[in-house]
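What follows is each chain in one-letter form.
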Amino acid sequence: MEPSPALEECLKLLKGERDEQRLAGLLLVTKVCQNDDEAAILKVYEAVGVGFLERLLKTGMGKGSVSKKEGDNREAYLRLGVTVLASFCRVTGIASSQDIISMVPLVLEAMSNRSGSSTFVEFYEFMLLVAAASEDGLTTFYKFGGLKSLAFQVSSFPDGSPMFEHTLRLMQLILSKIPLDVINTQSPSELAMMVVAVARQFAVLHNALKFDALHVLSLLLSSNHAAPLHGALRSISSEDWATYIRFGIVTILQNRVVATEKLQALILAESMMSMLGESWLLEPTKLPHDQQDPIPVDRCLFLVLESSRVEVAVLLNELAYLKFEASTSTECIPMKKQNLAISFSLIEKIIRLISNVHEAKDKLISDNTGMKVISGLNETVGVVLDFLKDAKDHGQKRGDDLLASVRIVGSYLAEAPSACKHKVRELLDYMLSVEGEDEESPFSSVCFLLPMLCQTTMKLEGCKALTSFGGHKAVVECLARLIHQNNQKVEDSGLIFLACDTIMNLLLKREELRAQLAGSEFVPLLPALAAWAEDSNETSVVMMATSICSLIFELTSEETLFNYPNFNPSILNCLSRLIAKSLAYCSQGELSYDSATDHDLHQIVASGFVQWADRFPHIKRAVESHLQQ
């Protein structure tokens, strides 16, 4: 095909000897290249050459010797040079060439020297085309401060402008190619500035860019490496960005959008609650400087809860089918488990939120709202229990989805121990046996259920339910393991006391449970409790350990203990010292009688000593000797 007259004229001028001719040719380039004719663009690019464009940009930036006339036209030269570069880069082969990539630092420098209001769209179009054309182009853009340039400019862009769209696309490219741990480590403040700007666009836009903004925000804030970014965001004095995100999430969840976008909104909500606390869900949702009435304070709560509940019901149904019924490929199971974890996390946070609101003096939500939330949570926990029953019926005990299901049940029952009572009673033995995929024996499942077990065993009915299938043995094993971890400086003291209270509840009702309890089942706790309390300076630890030991002694004897494997005199010596120490606390006035618990525990040890001392002559002699000193 013959070149057009316009193209021939453009090429003739570009090949001229004088810069004036070449500048005139450049002015024709944008018209010639408008039709995306790659052949024509390549001819023009070869005629221009990178060297001339580089000189043009430097002149526009005021670099080197610049005549008065050139100085007066600096803005026009800069705009022309970048516009021509953007036109050339519509051909991928040109955009990925080293000659063009070598221009990136210069263009970035030109961008960085300008305020946001004086930038123009071709800057961002050029950068986007080069970054999208090759990994080398993207790497060069990032290496020479591209992210910083974007972060400092983006907040000044008009809502939904082409410049913002190009910036968003660049961010998507960066996040897809540069490891998030690297970005978060090197540029947390720049990322924070980007989040603040994108959050506003996420709230106010009503086109496809809204979903792109959602994806960028959810990816940034939900990353496992986002701690530096979270810290930078928490240090920002204005909370407008958090309000914008909440407003955008409400908009997504209350409208008809595809399920994948609602899931992204839930991921973003979970990240915000993890970063700013559960109460973020109940903060006012009104756009800054907007005259419209604010969204009701409980709207976001209801939308997040109901969307999460729908996700849980759908995902559990699909997982049950794929795991227990389907004979086809199960490759999608890991993704479904990951999505389930997000919804479970949100529901668990809402459980904590409702608990905190209930305990607070200032009511953030009405009683009617609270009852609606509790009703929804009851229903969802029932669905989760049905999933666990299905797994039990199919002989499945191992799986992170099963463990997560036990966790959400445990979280809710810790606040509402009598909820779903019949189903819980039926499945308690199974739930205590569930193992995570990386566990060799049940442990996490027992930990998740400890708050509920601690409450239910306060009544005889709960104790009988637990001991009827030997569930107390799982608590004993869990406590021994928790103490071992605590001695290795793993912070589990809260769980340790929950397990201790559960064991204490059982042992205090030993007469009523005599047929279901055996002293031998609790003996493994004695070495663990001795190790936990021996070097502790906390009165509560010593009193709790010795009171449990005292109750165990009532079920056995010293002679019997020495017949157990690995039970040696050193353990008994340690226990003797602890019993003497706890008895001495009272006589030395070291117990705080402002605490009824301390007094009650001392009574257990003292009265117990009278009951079993004759069966433990070694301990009796040691205690009497210690008390006489």
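Bear in mind that the values here come from a model prediction, so they are computed numbers and not experimental data.

Undergrad: Describe the overall build of the protein chain, with residues and values.
TA: The helix and strand tally for the protein chain stands at 34 helices and zero strands. Taking as baseline every contact in the protein chain between residues at least 6 positions apart, the subset at least 24 positions apart corresponds to 75%. In the structure as shown, the protein chain presents an accessible area of about 29,100 Å², 50% of it carried by carbon and sulfur atoms.

Undergrad: Give me the lowdown on the confidence of the model for the protein chain, citing residues and values where you can.
TA: Confidence in the prediction for the protein chain averages 85 pLDDT; 86% of positions are at 70 or higher. Element-level pLDDT for the protein chain is lowest in helix H5 (residues 68-72), with a mean of 51, against a maximum mean of 96 in helix H16 (residues 209-222).

Undergrad: Any details on the pattern of salt bridges? Residues and values, ideally.
TA: Tallying each qualifying case throughout the model produces 27 salt bridges. Taking the shortest distance from any N to any O, the salt bridge between Glu437 and Lys337 comes out at 2.8 Å. With a gap of 100 residues between them, Glu437 in the loop between helix H24 (421-431) and helix H25 (444-456) and Lys337 in helix H21 (residues 333-359) connect regions that are remote in the sequence. When its relative accessible area of 39% is taken as the criterion, Glu437 is described as partly exposed. Its salt-bridge partner being Arg352, residue Glu348 comes within 3.9 Å of it at the nearest N-O pair. Taken together, the residues span about one helical turn, with Glu348 and Arg352 both in helix H21 at a distance of four residues. Judged by relative accessible area, Glu348 falls into the buried class, the value being 12%.

Undergrad: So what's going on with the nonpolar core? Which residues, and what values?
TA: Of all hydrophobic cores here, the largest spans 211 residues; its most connected members are Phe126, Ile245, Leu388, Met431 and Phe553. Among the elements that take part in this core, helix H20 (residues 299-324) stands out by supplying 12 residues, more than any other. With sequence-adjacent residues up to four places away left out, Phe126 is seen in contact with Leu85, Ala86, Cys89, Ile100, Met103, Val104 and Val107.

Undergrad: Could you give me a rundown of the side chain of His472, with the residues and numbers involved?
TA: As for its placement among the helices and strands, His472 is situated in helix H27 (residues 471-487). Accessibility expressed as a relative area gives 1% for His472, which makes it buried. Within the structure, His472 has its side chain in polar contact with the side chain of Glu521 (distance 2.7 Å). With near-sequence residues (within four places) excluded, His472 lies in contact with Leu466, Thr467, Leu506, Gln516, Leu517, Glu521 and Phe522.

Undergrad: Can you tell me about the environment of Leu80, naming the residues and giving the values?
TA: Mapped onto the elements, Leu80 comes out in helix H6 (residues 74-88). Spatially, the C-alpha atoms of Leu80 and Glu122 are 9.5 Å apart, while their sequence positions differ by 42 residues.

Undergrad: Tell me what's going on with the packing of aromatic side chains, and back it up with residues and numbers.
TA: Taken as a whole and judged by the stated rule, the model has six aromatic pairs. Summarising the aromatic geometry, the rings of Phe553 and Phe616 are spaced 4.5 Å apart at their centres and angled 40° between planes, so their arrangement reads as tilted. Placement of Phe553 in helix H30 (residues 539-553) and of Phe616 in the loop between helix H33 (596-612) and helix H34 (617-628) is noted, with a sequence separation of 63 residues between them. Judged by relative accessible area, which is 0%, Phe553 ranks as buried. Judged by its relative accessible area of 0%, Phe616 is buried. With a centroid separation of 5.5 Å and 80° between ring planes, the pair formed by Trp612 and Phe616 is classed as edge-to-face. A relative accessible area of 0% means that Trp612 is categorised as buried.

Undergrad: Could you give me a rundown of the packing of helix H23 (residues 400-415) against H25, with the residues and numbers involved?
TA: Contact pair H23 / H25: the axes reach a minimum separation of 8 Å and the direction vectors enclose 15°. By the angle between their directions, the pair H23 and H25 is classed as roughly parallel. As H23 runs across H25, the sense of the crossing is left-handed. Facing Leu403, Val406, Arg407, Gly410, Leu413 and Ala414 of H23, the residues of H25 in contact are Ser444, Ser445, Phe448, Leu449, Pro451, Met452 and Gln455. Of the residues assigned to the contact of H23 with H25, the class counts are eight nonpolar, four polar and one charged.

Undergrad: I'd like a rundown of the environment of Leu506, residues and numbers included.
TA: Inspection of the secondary structure assignment puts Leu506 in helix H28 (residues 493-508). For Leu506, a relative accessible area of 0% translates into the label buried. Contacts of Leu506, omitting those with residues within four sequence positions, involve Thr457, Cys463, Leu466, Thr467, His472, Leu513 and Leu517.

Undergrad: Break down helix H4 (residues 50-60) for me, citing the residues and quoting the values.
TA: Within H4, burial applies to Val50, Phe52, Leu53, Leu56, Leu57, Thr59 and Gly60. Where H4 terminates, the next one or two residues include Gly62, which has phi positive at roughly 80°.

Undergrad: Any details on unusual backbone geometry? Residues and values, ideally.
TA: Most peptide bonds take the trans form, and the phi angle of most residues other than glycine is negative. The residue Cys420 is not glycine, and still its phi comes out positive at about 50°. On the secondary structure map, Cys420 appears in the loop between H23 and H24.

Undergrad: Give me the environment of Gly494: which residues, what numbers.
TA: Considering the arrangement of structural elements, one finds Gly494 in helix H28. We classify Gly494 as partly exposed; its relative accessible area is 48%.

Undergrad: Residue-level account of the packing of helix H15 (residues 188-204) against helix H17 (residues 227-234), with values.
TA: Each pair of packed helices can be summarised by the angle the axes make with each other and by the distance between the axes. The interhelical angle for the contact between H15 and H17, taken along N-to-C directions, is 60°, at an axis separation of 8 Å. The two elements H15 and H17 cross, and the hand of that crossing is right-handed. Contacts from Pro188, Ser189, Leu191, Ala192, Val195 and Val196 of H15 reach H17 at Pro228, Leu229, Ala232 and Leu233. Class assignment for the residues of the contact of H15 with H17 results in nine nonpolar, one polar and no charged.

What counts and what doesn't
Residues numbered from 1 in each chain as written. Predicted model: local features only at pLDDT ≥ 70, side-chain atom pairs only at ≥ 80, totals over all residues. Heavy atoms only, no water. Helix = DSSP H or I, 4+ residues; strand = E, 2+ residues; numbered from the N terminus. Contact = heavy atoms within 4.5 Å. Areas by Shrake-Rupley, 256 points an atom, 1.4 Å probe, with all protein chains shown as cover. pLDDT = per-residue confidence, 0-100. Salt bridge = Lys/Arg side-chain N within 4 Å of Asp/Glu carboxyl O. Buried < 20%, exposed > 50% of the residue type's maximum accessible area, 1.4 Å probe, protein only. Core = buried A, V, L, I, M, F, W, Y, C linked by side-chain atoms within 4.5 Å. Polar contact = N/O pair within 3.5 Å; in protein donor to acceptor, adjacent residues only side chain to side chain. Phe/Tyr/Trp six-rings, centres within 6.5 Å; stacked < 30°, edge-to-face > 60°. Axes fitted to C-alpha atoms, helices over the stretch in contact; angles between N-to-C directions. Parallel < 35°, antiparallel > 145°, perpendicular 65-115°, else oblique. Left-handed = near helix turned anticlockwise from the far one by under 90°. Nonpolar A, V, L, I, M, F, W, Y, C, P; charged D, E, K, R; others polar.

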